[in-house]
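This is what each chain is made of:
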Amino acid sequence: IPVGDYSKPPEVAAGRVVVNIYNDGKFYDDKENELVDMDAITDHVEQEKRLHKREGATTRLLIRGDEECKVEKVKQAVKAAADAGVIDVIFSSYQTAP
């Protein structure tokens, strides 16, 4: 996860769908299951969205990208989530200890 000197913990964590993008271009969910293509990302987001709807939470895509991941891969993940009806996107960084 990128380091952000001025990052802060989220105020609301409910409704997040995590997609990790590694420097090799591979995608993983928050349980480290590989999402092998865009359809797999869309399916993952749709499943999570259904769970969030039952909980009354708004679904948002949380992108956690390696500092070496390509912008093209981020765009692919955002498009796959949009195909599942999720257009709110959050980008994550890691806060270091002062």
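Residues numbered from 1 in each chain as written. Predicted model: local features only at pLDDT ≥ 70, side-chain atom pairs only at ≥ 80, totals over all residues. Heavy atoms only, no water.

It is not clear to me how the sheet that holds strand β4 (residues 60-65) should be interpreted in this structure. Could you clarify?
Within a sheet, each strand pairs with its neighbour through backbone hydrogen bonds, oriented either parallel or antiparallel. A sheet is described by the order of its strands in space; here five strands give the open sequence β3-β2-β1-β4-β5, paired in mixed fashion. Looking at strand neighbours, the two that pair on one side only are β3 (34-35) and β5 (89-91), the edges of this open sheet. Of the strands in this sheet, β1 (16-21), β2 (27-28) and β3 touch helix α1 (residues 38-55), which is tilted by about 155 degrees from β1. (Pairing = 2+ DSSP bridges. Helix = DSSP H or I, 4+ residues; strand = E, 2+ residues; numbered from the N terminus. Contact = heavy atoms within 4.5 Å. Axes fitted to C-alpha atoms, helices over the stretch in contact; angles between N-to-C directions.)

Looking at this structure, how should I read the packing of aromatic side chains?
Two descriptors summarise a pair of aromatic rings, namely the distance from one centre to the other and the angle between the planes of the rings. Scanning the model with the defined rule gives one aromatic pair in all. On the numbers, 5.2 Å between centres and 90 degrees between planes, the contact of Y22 with Y28 is edge-to-face. Exposure remark for Y22: the relative accessible area of 31% places this residue in the partly exposed category. (Phe/Tyr/Trp six-rings, centres within 6.5 Å; stacked < 30°, edge-to-face > 60°. Buried < 20%, exposed > 50% of the residue type's maximum accessible area, 1.4 Å probe, protein only.)

How do you make sense of unusual backbone geometry when you look at a structure like this?
Most peptide bonds are trans, and most residues other than glycine sit at a negative phi. Residue E32 is not a glycine yet carries a positive backbone phi of 65 degrees. You can see E32 is positioned in the loop between β2 and β3.

Honestly, the nonpolar core in this entry has me stumped. Any pointers?
Counting residues in each nonpolar core, the largest one holds 17 residues, and the members touching the most others are V19, I21, F27, I41 and V45. Looking at this core, the elements with two or more residues in it are β1, α1, β4 and α2 (71-83). Take this core: its biggest share by element is four residues, from α2. Ignoring anything within four residues of it in the chain, the contact list for V45 reads V17, A81, A84 and V86. (Core = buried A, V, L, I, M, F, W, Y, C linked by side-chain atoms within 4.5 Å.)

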